[in-house]
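This is what each chain is made of:
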Amino acid sequence: GDSVTQMEGPVTLSEEAFLTINCTYTATGYPSLFWYVQYPGEGLQLLLKATKADDKGSNKGFEATYRKETTSFHLEKGSVQVSDSAVYFCAPLSQGGSEKLVFGKGTKLTVNP
Amino acid sequence: GAGVSQTPSNKVTEKGKYVELRCDPISGHTALYWYRQSLGQGPEFLIYFQGTGAADDSGLPNDRFFAVRPEGSVSTLKIQRTERGDSAVYLCASSSGLPTDTQYFGPGTRLTVL
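As the structure is a prediction and not an experimental result, all values here were calculated from the model.

About the cut-offs
- Residues numbered from 1 in each chain as written.
- Chains lettered and ligands numbered in written order.
- Predicted model: local features only at pLDDT ≥ 70, side-chain atom pairs only at ≥ 80, totals over all residues.
- Heavy atoms only, no water.
- Contact = heavy atoms within 4.5 Å.
- Buried area = accessible area lost by both parts, 1.4 Å probe.
- Salt bridge = Lys/Arg side-chain N within 4 Å of Asp/Glu carboxyl O.
- Helix = DSSP H or I, 4+ residues; strand = E, 2+ residues; numbered from the N terminus.
- Disulfide = S-S within 2.5 Å.
- Buried < 20%, exposed > 50% of the residue type's maximum accessible area, 1.4 Å probe, protein only.
- Phe/Tyr/Trp six-rings, centres within 6.5 Å; stacked < 30°, edge-to-face > 60°.
- Core = buried A, V, L, I, M, F, W, Y, C linked by side-chain atoms within 4.5 Å.
- Pairing = 2+ DSSP bridges.
- Axes fitted to C-alpha atoms, helices over the stretch in contact; angles between N-to-C directions.

**Section: the interface of chain B and chain A**
Piece 1. On the side of chain A, 18 residues touch chain B, which itself brings 18 residues to the contact.
Piece 2. In total, about 1,500 Å² of surface goes out of reach between chain B and chain A, with carbon and sulfur atoms giving 52% of it.
Piece 3. On the surface where chain B and chain A come into contact, there are zero salt bridges.
Piece 4. Elements with a minimum of two residues in the side of chain B that touches chain A: β4 (31-37) and β5 (44-50) of chain B.

**Section: the state of the cysteines**
Residues and elements named next belong to chain B.
Piece 1. For the structure on display, the rule yields two disulfides over all chains.
Piece 2. Linked covalently through their sulfurs, Cys-23 and Cys-92 form a disulfide whose S-S length is 1.8 Å. Handedness of the Cys-23-Cys-92 disulfide follows from its S-S torsion of about -65°: it is left-handed. Of this pair, Cys-23 sits in strand β3 (residues 19-24) while Cys-92 sits in strand β9 (residues 88-95); the two residues are 69 residues apart in sequence, bridging distant segments of the chain. In this pair, the class of Cys-23 matches that of Cys-92, namely buried.

**Examining the packing of aromatic side chains**
Piece 1. Taken as a whole and assessed by the stated rule, the structure comprises twelve aromatic pairs over all chains.
Piece 2. Between the aromatic rings of Phe103(A) and Tyr35(B), the centroid separation amounts to 5.8 Å while the plane-to-plane angle is 85°, which identifies the pairing as edge-to-face. Placement of the pair is Phe103(A) in the loop between β10 (86-92) and β11 (107-112) and Tyr35(B) in strand β4, with the two residues belonging to separate chains. Comparing Phe103(A) with Tyr35(B) shows no difference in burial state: the two are buried.
Piece 3. Here a set of aromatic residues connected by ring pairs shows up, and it is made of Phe34(A), Tyr36(A), Phe89(A), Phe103(A), Tyr33(B), Tyr35(B), Phe45(B), Tyr48(B) and Phe105(B).

**Points about the pattern of salt bridges**
Piece 1. One pass over the full model with this rule turns up six salt bridges over all chains.
Piece 2. For the salt bridge of Lys56(A) with Glu63(A), the shortest nitrogen-to-oxygen distance reads 3.6 Å.
Piece 3. Exposure remark for Lys56(A): the relative accessible area of 52% places this residue in the exposed category.
Piece 4. The shortest N-O distance in the salt bridge between Arg22(B) and Asp24(B) comes to 2.9 Å.

**Brief notes about the nonpolar core**
In summary, soluble globular proteins display a tendency toward joint burial of nonpolar side chains.
Piece 1. Of all hydrophobic cores here, the largest spans 25 residues; its most connected members are Trp35(A), Leu47(A), Leu48(A), Phe73(A), Leu75(A) and Tyr88(A).
Piece 2. For this core, the secondary structure elements donating two or more residues are β2 (11-14), β3 (19-21), β4 (23-26), β5 (33-38), β6 (44-50), β8 (62-65), β10 and β11 of chain A.
Piece 3. Formed by 20 residues, the second largest nonpolar core is a distinct cluster that contains Phe49(B), Leu77(B), Ile79(B) and Cys92(B).

**Side note on the sheet that holds β3(B)**
Residue and element names in this part refer to chain B.
Piece 1. On the basis of which strands lie adjacent, the open sheet formed by four strands has the order β1-β3-β8-β7 and antiparallel pairing. Looking at strand neighbours, the two that pair on one side only are β1 (5-7) and β7 (65-68), the edges of this open sheet. With strand direction ignored, the average angle separating the axes of adjacent strands in the sheet is 15°.
Piece 2. Relative to β3, β1 runs antiparallel, the two being bridged by three bridges. Looking at the pairing, Gln-6 lines up with Cys-23 of β3.

As structure tokens, this is what we get:
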């Protein structure tokens with residue numbers, strides 16, 4: 001079945017540092033790819049998505065590019081803020097009738113002032 | 001517009017008891033999903049409804065778990081003879097039902113089985 005491997009956390013950065021969280025997946029075909037974020041005490045929110053190869057999803061300064069050749073969807077941000085502290089989940093959307101998201105374990109990011 | 005809502009927000013029960021968890025999806029969303037998130041893990045898929053029918057229930061761990069969506073809107077996840085291992089946050093999500101559409105998540109129900 002489909003699966004996803006996400007960079008192990010926790011990740012601790014100083015404010016304005018560059019962020020990369022790696023994500024690779026295995027799937028049948030070319031699934032849509034999502035990054036969700038879970039802020040402390042809140043529910044899962046969509047951060048960004050890409051639906052086909054070479055698409056770039058972006059939101060709130062975060063970006064991720066759908067790389068078909070490496071089956072990757074790495075999350076990047078050029079300058080993180082304290083308010084970016086959260087748990088980040090990479091998730092391909094399984095195809096073949098189910099439309100279910102397959103989540104990684106999540107990467108906890110802490111940004112210090 | 002209201003988002004996905006789930007009740008109760010917290011449920012504490014004793015081993016062996018029966019529980020029901022409710023999900024109200026975003027109005028007009030035909031697709032509804034249940035996931036389970038254990039501590040320190042990502043959400044795991046349980047069941048997917050398209051309208052009133054369960055299109056995929058392959059994630060239900062065993063026959064103690066059952067979910068319904070009788071009118072194509074509200075859904076109830078039912079767990080019989082609860083076990084301590086059922087303790088987790090149960091998440092509901094809904095989407096428009098179109099392929100690749102975003103799933104919008106509710107705040108979850110934290111179930112604790114003592």
